[in-house]
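Chain and residue survey
If you want the building blocks of each chain, they are given just below.
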There are 2 protein chains.
Amino acid sequence: MNTNDPHPNRLVIRGIAALLACLKHHPKALREVVATAAFAPNLAEYDAAFAELGVKTRIVGPIELVKTAEGPCDDVCALTMRPDFGLARISDFAEWRESRESIVIADGVTDAADLAAIARSMAAFGLKRLLLSGGTEKLSFHPEAWNLSRGAMEQLRLMRAAALGGLLKLVEDRCCVVALSPEIGRKIDLAVPVRVPGRHLALLIPGGKLDPDIQPRVEHCYRFPGLVSQPGLSLSEIAPLAIAWFASTPQPRADGFLSRKRARHAKDKGSNPTS
Amino acid sequence: MNTNDPHPNRLVIRGIAALLACLKHHPKALREVVATAAFAPNLAEYDAAFAELGVKTRIVGPIELVKTAEGPCDDVCALTMRPDFGLARISDFAEWRESRESIVIADGVTDAADLAAIARSMAAFGLKRLLLSGGTEKLSFHPEAWNLSRGAMEQLRLMRAAALGGLLKLVEDRCCVVALSPEIGRKIDLAVPVRVPGRHLALLIPGGKLDPDIQPRVEHCYRFPGLVSQPGLSLSEIAPLAIAWFASTPQPRADGFLSRKRARHAKDKGSNPTS
C-alpha cells in the first residue's frame, strides 16, 4: 500500500501520546508507524498490536522523521487514514435527549489551536460529542489540531453539522442551545450551570462573533468569562473554563425531577465568625 | 543613552498591545520604541506621551525590527528597563488582610508560557498581586513571559518571595493558603469557593509537584480540574479555570459577617417540570 497517495483524510499524528490514543480509539485508522532507532525500543510492547492490525513500523533517522511527520517530531509519528465524519441528523438529537448527552458545537472556528483547546477540555471533563459547523469542519483533518490536542481528538466523537441554523430550529424541542460570545451576553456564574427539563444541552462555541443565522436559535448567551473592563481572554483560554462550567450541569434524576444539590451554606458550627 | 548595555532587568516587549500596557502602567520603564515605517503612523497619537517621557521612536526595516525585538515581531517593539521587584514582607500580608486582597503565588514555575497564562488569567479576573518564588522569579524578566501575556504582566504587581515556607508559617494567622496540585487533593467544586473569616486568601500555583517545605503550610489542596480517568490538563490550561474559581470568592460584608448569596434553587414557577 502506498501511503503517499494524496488522500483527503490522510492525517499524520506526532508523538507517542497521540499514537497511543489513536491505537486505543481508532486502531483501524493506523497505516504506518515511523520512529527513530533510539525510540523504537519503547514501541516493543505494542508490536503485537501493530502486527495484528497489519501496521508496519519503520525506523528512520531524525531528519527523515521530521520530514515524514511534516512538523517538529523527535520520537515517533504515524500515518493514518480516517473515514469522513458523519453528518448530524435530527434523529441524533432525539438520541442525545434520551441519553441526556450534552454536546458541544464548534461553529466557524478557524484556528487549529482553538479546536485543540476545545477537544482537550471536552476530554478532560468527560464530554464526547463535538459537532463541527460553519467552516470548523475544514480543521477536522488539520494535523496541528490533532497534534496540539495530544490525543484528545481521538477520544471525541466528531460529526459535521450542515446548515446549523436550520437544524437547530428543527430540534429546538429537544435541544437547548447555550452559546458563548466574546462580547455580548450574560455573565457566567460558575455556581449556576444552565439546566433545562426534558431537553439536552448544546454548548455553541463560535470562532468569532455569533453567526446571525444561528443567533435566533440560542436560548442562553453568555459572555466570555472575565471582567468587562479588562482585555478579553482568547477562545483557547476560556475553553477549559466554559466547558468545566457546562459539564458541571447536574443530571436529572431518574424520576424526572431535577436533582437538588445540598444547600451551599447549610448552617454548621463555625460558619459564622461571631457565633 | 546606550540601550545595548547588558542590564539584568532589560526587557524587550513586542507588539502594540504590550507597548500600550507598558505606557499605561510602567511609563518610566520605557527606553526606546522601535517600529517599522509602515506601522509608525499608528504611533502618532502617542508621540506627545513619548516626548514627555524622553523616549525616542526609531524607524527601522522589518529585518532589523526582528533583530531588535529578539523574536518574531512585525509592527513595533520597545526596549524597557525595570527595577527589581520588591521582596514580600510579613507586614505586606497584614496589609493584604486589611484590604482583603487575594493574592496568587507562583512557586517553581519554569515555563514562561505557564507564567503568562497565570498573568493573563489574573488580569482578566481582577487579581493584582502575584508573588514569585521557588525559581519562578527567574522568569520575571523573561521576554517570552511578558510577550505571551500580551500586556497582562504590566497590570500586575509582581513581588518576589524568599523562603516561602517560612514566610507562610509566620503569616498563617492572617493568610489562608489554597494550593493546586496536578495529582493530589480535593475536587474543585465551581459552586463553592474557599472562604475564611478574618484572613485573606493566597492561591499557590506550583510549577510541578507541591514543594515539601510548603506542603505543611497549605490549608486546602485541590487537584487540577478534570476527570481523574482522563489525561490531565496542563498548568496553562487550568490557570484560567482555577483563577476564575478563586476570584469568585465573595467578599465579606462590612459588618464582618460573610455575605450570603441568594439561595440557588429558590422556588419559582416553572422550576419544577411536573408542577
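Residues numbered from 1 in each chain as written. Chains lettered and ligands numbered in written order. Predicted model: local features only at pLDDT ≥ 70, side-chain atom pairs only at ≥ 80, totals over all residues. Heavy atoms only, no water.

Looking at the pairing of strand S3 (residues 56-60) of chain B
Residue and element names in this part refer to chain B.
- Where strand S2 (residues 30-36) meets S3, five bridges bridge the pair, whose relative direction is parallel. Bridge pairing in S3 places Val33 opposite Thr57.
- A crossover connection joins S2 to the parallel S3 through helix H2 (residues 47-53); in handedness this β-α-β unit is right-handed. (Pairing = 2+ DSSP bridges. Helix = DSSP H or I, 4+ residues; strand = E, 2+ residues; numbered from the N terminus. Right-handed = clockwise from strand over helix to strand, strands pointing away.)

What to know about helix H3 (residues 62-69) of chain A
Residues and elements named next belong to chain A.
- Within H3, burial applies to Leu65, Thr68 and Ala69. Viewed end-on, H3 has its buried residues packed into an arc of 90°, placing them on one side of the element. Opposite the packed face of H3, turned more than 90 degrees from it, sit the exposed residues Ile63 and Lys67.
- Looking at the buried side of H3, the elements it contacts are strand S1 (10-14), strand S2 (30-36), strand S3 (56-60) and strand S4 (76-81).
- Looking one or two places after H3, you find Glu70, whose phi comes out positive at around 55°. (Buried < 20%, exposed > 50% of the residue type's maximum accessible area, 1.4 Å probe, protein only. Arc of directions from axis to C-beta. Contact = heavy atoms within 4.5 Å.)

Examining the pattern of salt bridges
- If you walk through the whole model with that rule in mind, you get 26 salt bridges over all chains.
- The partner of A:Glu183 in a salt bridge is A:Lys209, and the shortest N-O contact between them spans 4.0 Å. Here the residue A:Glu183 occupies a position in the loop between strand S8 (175-181) and strand S9 (200-206), and A:Lys209 occupies one in the loop between S9 and strand S10 (220-223), the gap between them amounting to 26 residues.
- For A:Glu183, a relative accessible area of 54% puts it in the exposed group.
- Of the charged contacts in the structure, one is a salt bridge between A:Glu237 and B:Arg150, with a shortest N-O distance of 3.6 Å. (Salt bridge = Lys/Arg side-chain N within 4 Å of Asp/Glu carboxyl O.)

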